[in-house]
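# Geometric and topological summary
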Amino acid sequence: MQDVFVIGVGMTKFDRHWERSIKSLAAEALEKTLSDADIGKDAIDAVYFSNSNWGYQSDQHCIRGQVALREQEIMGIPIYNLENACAGGATGFHSAWMGVGSGAYECVLALGAEKMYDEDKIKMFKAFSTGFDIENVIPHMEMLLALNENIDLEMPEEIDTGGAGKNRSAFMDMYSAMTRWHMNKYGTTQKQLALIASKNHFHSSMNPNAQYQKEMSVEEVLAGRSVSWPLTVPMCAPVGDGGAGAIICSAEFLKKLKNVRPVKIRASVLGSGTNRHIDEEEKDIACRLSRKACEIAGVGPEDIDVAEVHDATSFGELHQSEALGFCPMGEGGPFAESGATTLGGKIPINVSGGLESRGHPIGASGLGQIHELVTQLRHEAGPRQVENCRLALAENGGGNLAYEEAAMGIHILERMAS
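Next up on the list: the state of the cysteines. For the structure on display, the rule yields zero disulfides. Not engaged in a disulfide, the cysteine cysteine 287 finds its nearest cysteine sulfur in cysteine 327; these two sulfurs lie 11 Å apart. Classification of cysteine 287 by relative accessible area gives buried; the value is 4%. Unpaired in terms of disulfides, cysteine 294 finds its nearest cysteine sulfur in cysteine 287, a separation of 11 Å. Residue cysteine 294 is classed as buried on the basis of its relative accessible area, which comes to 6%.

Given below as structure tokens:
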């Protein structure tokens, strides 16, 4: 594979964009990405368009990228339509990296756009269930809930197991079951989960693109409405809409540009989950893929200066901090308590606010991570800047089969010497 670089990033504000269409969100993200790269549309050889929900919400099941970008006069070139649940953005970025790295193209666009919010709450929450095996949703959820049959935790007398798909995403029940298992095995506490959420709300207060921009104390997070114990509303990613993009090019194309601020892609890995047992944590998808990415990049977890990880809940961040090798298994809670993952700490995680607070428009989320990390590596993040960062890691997972994500993309990016 030849060297590959990111030369432009752009994104909309992630929010509940009631009045806007996917075409509108894609157009804004495209314009900002092109402007950041300082190139025209005619320089783009191919587009990788990520979206998961347009077919479900509005019956646009096919040719989504062509439809979304036609009004922007992106036509004639290859447009690849990608769906990989919440890992769609990472899949688009990885595919774009492959397209340029293989020599097939010189300059390509990875773009994700999603409309998730709907006034019909049942329809909205049921959409998330398509990230499971639809034919086996009930036995799958029963398997996950069975993890908690013999645990020794002080829990509310009754845990609502019937609200998934009605008043919350079924993924919240999956996350809460995994959280309780982790709490029972390692002693992780609800307060540690609240601390992670509070930290991410603090980070997002400095991010103008974040859906939530208000700080929340640990006490406020704990006092939030319960979603699925021990998770409260502020510990969970909100439903929202948005678009994000990245322009990726070859070294030869880079030589043609002026006033460019490139970031090098040191590694990009895409993989799928396995049928590992819950106790085989060393076989976790993030463990496997991150080790592979680090081997390709020639670095270790200790070399990473800043990371964006898939925190659909605060437990998601806690788990990923362990699986990615930033701390030992079972120590994600104390690691967060130490301040290591906060801006100014050993390895700041989700300085954008993460999915919990920046927002999570599914097809755009992985590219929102790239936007943040490229901004950080350019040292252009303003008050949330990670000092002197040189290496960054993004982890974006999607769907759930067995005890882990069905799909995941991990990328390692590097600041170029000025």
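Additional details are given in the paragraphs that follow.
Attention shifts here to the environment of glutamate 83. Tracing the sequence through the fold places glutamate 83 in the loop between strand E3 (79–82) and helix H4 (88–101). A C-alpha to C-alpha distance of 24 Å links glutamate 83 and glycine 103, two positions 20 residues apart in sequence. Not counting residues within four places of it along the chain, the set of residues in contact with glutamate 83 comprises Asn51 and Ser52.

On to the packing of helix H6 (residues 137–145) against helix H7 (residues 170–186). Axis separation between H6 and H7 bottoms out at 9 Å; the angle between their running directions is 25 degrees. Taken together, the axes of H6 and H7 are roughly parallel relative to one another. Between H6, through Met141, Leu144 and Leu145, and H7, the contact on the second element is made entirely by Ala170, Asp173, Met174, Ala177, Met178 and Arg180.

Moving on to the layout of surface pockets. Estimates place the volume of the largest pocket at around 850 Å³. Contributions of two or more residues to the lining of the largest pocket are made by helix H5 (121–128), H7, strand E5 (226–228), helix H12 (314–323), strand E10 (391–401) and strand E11 (404–415). The element contributing the most residues to the lining of the largest pocket is H7, with seven residues. Here the lining of the largest pocket is composed, by residue class, of 23 nonpolar, 14 polar and 10 charged.

With their axes 5 Å apart at the nearest point, H4 and helix H15 (residues 362–377) run at an angle of 60 degrees to one another. Between H4 and H15, the crossing angle belongs to the class labelled oblique. Where H4 approaches H15, its residues Gly88, Gly89, Ala90 and Phe93 are matched on the opposing element by Gly363, Gly366, Leu367 and Ile370. Each residue belonging to the contact of H4 with H15 can be placed in one class, and the counts come to four nonpolar, four polar and no charged.

Let us now look at the sheet that holds E11. Spatial ordering of the open sheet is given by E3-E2-E4-E7-E1-E8-E11-E10-E9, a layout of nine strands whose pairing is mixed. Of all strands in the sheet, those with a lone pairing partner are E3 and strand E9 (306–308), marking the two edges. For this sheet the average axis-to-axis angle between neighbouring strands, irrespective of direction, equals 25 degrees. Here strand E1 (residues 4–11) runs beside strand E7 (residues 242–250); their pairing, made up of seven bridges, is antiparallel. Considered in E7, the bridge of glycine 10 is made with glycine 245.

Attention shifts here to the side chain of arginine 276. Within the secondary structure, arginine 276 is located in the loop between strand E8 (263–272) and helix H11 (285–297). Reaching out from arginine 276, the side chain makes a polar contact with the side chain of aspartate 284 at a distance of 3.0 Å. At a separation of 2.6 Å, a polar atom in the side chain of arginine 276 contacts the side chain of glutamate 404. In this view, arginine 276 contacts Glu281, Lys283, Asp284, Tyr403 and Glu404; residues no more than four positions away in its chain are not counted.

Below, the discussion takes up unusual backbone geometry. The linkage connecting tryptophan 229 with the following residue, proline 230, adopts the cis geometry, with an omega of 10 degrees. Positionally, proline 230 belongs in the loop between E5 and strand E6 (231–232). Even without being glycine, glutamate 73 reaches a positive phi, approximately 60 degrees. In this fold, glutamate 73 is placed in the loop between helix H3 (64–70) and E3.

Scanning the entire structure with this criterion turns up three aromatic pairs. When the ring of tryptophan 18 is compared with that of tyrosine 117, the centres are 4.9 Å apart and the planes differ by 70 degrees; the resulting orientation is edge-to-face. Residue tryptophan 18 is found in the loop between E1 and helix H1 (22–37), and its partner tyrosine 117 is found in the loop between strand E4 (107–114) and H5; the two are separated by 99 residues along the sequence. When its relative accessible area of 15% is taken as the criterion, tyrosine 117 is described as buried. Taking the centre distance of 4.7 Å and the plane angle of 5 degrees together, the rings of tyrosine 48 and tyrosine 80 count as stacked. You can see tyrosine 48 sitting in strand E2 (residues 46–50) and its partner tyrosine 80 sitting in strand E3, a full 32 residues away along the chain.

Cut-offs applied
- Residues numbered from 1 in each chain as written.
- Predicted model: local features only at pLDDT ≥ 70, side-chain atom pairs only at ≥ 80, totals over all residues.
- Heavy atoms only, no water.
- Disulfide = S-S within 2.5 Å.
- Buried < 20%, exposed > 50% of the residue type's maximum accessible area, 1.4 Å probe, protein only.
- Helix = DSSP H or I, 4+ residues; strand = E, 2+ residues; numbered from the N terminus.
- Contact = heavy atoms within 4.5 Å.
- Axes fitted to C-alpha atoms, helices over the stretch in contact; angles between N-to-C directions.
- Parallel < 35°, antiparallel > 145°, perpendicular 65-115°, else oblique.
- 1 Å grid on protein atoms, 1.4 Å probe; cavity = no way out; pocket = protein on both sides within 12 Å on 5 of 7 lines; lining within 4 Å.
- Points joined across faces, edges and corners; volume = space filled by probe spheres on them.
- Nonpolar A, V, L, I, M, F, W, Y, C, P; charged D, E, K, R; others polar.
- Pairing = 2+ DSSP bridges.
- Polar contact = N/O pair within 3.5 Å; in protein donor to acceptor, adjacent residues only side chain to side chain.
- Phe/Tyr/Trp six-rings, centres within 6.5 Å; stacked < 30°, edge-to-face > 60°.

So, to be careful, I would describe these as geometric facts and stop short of saying anything about function.
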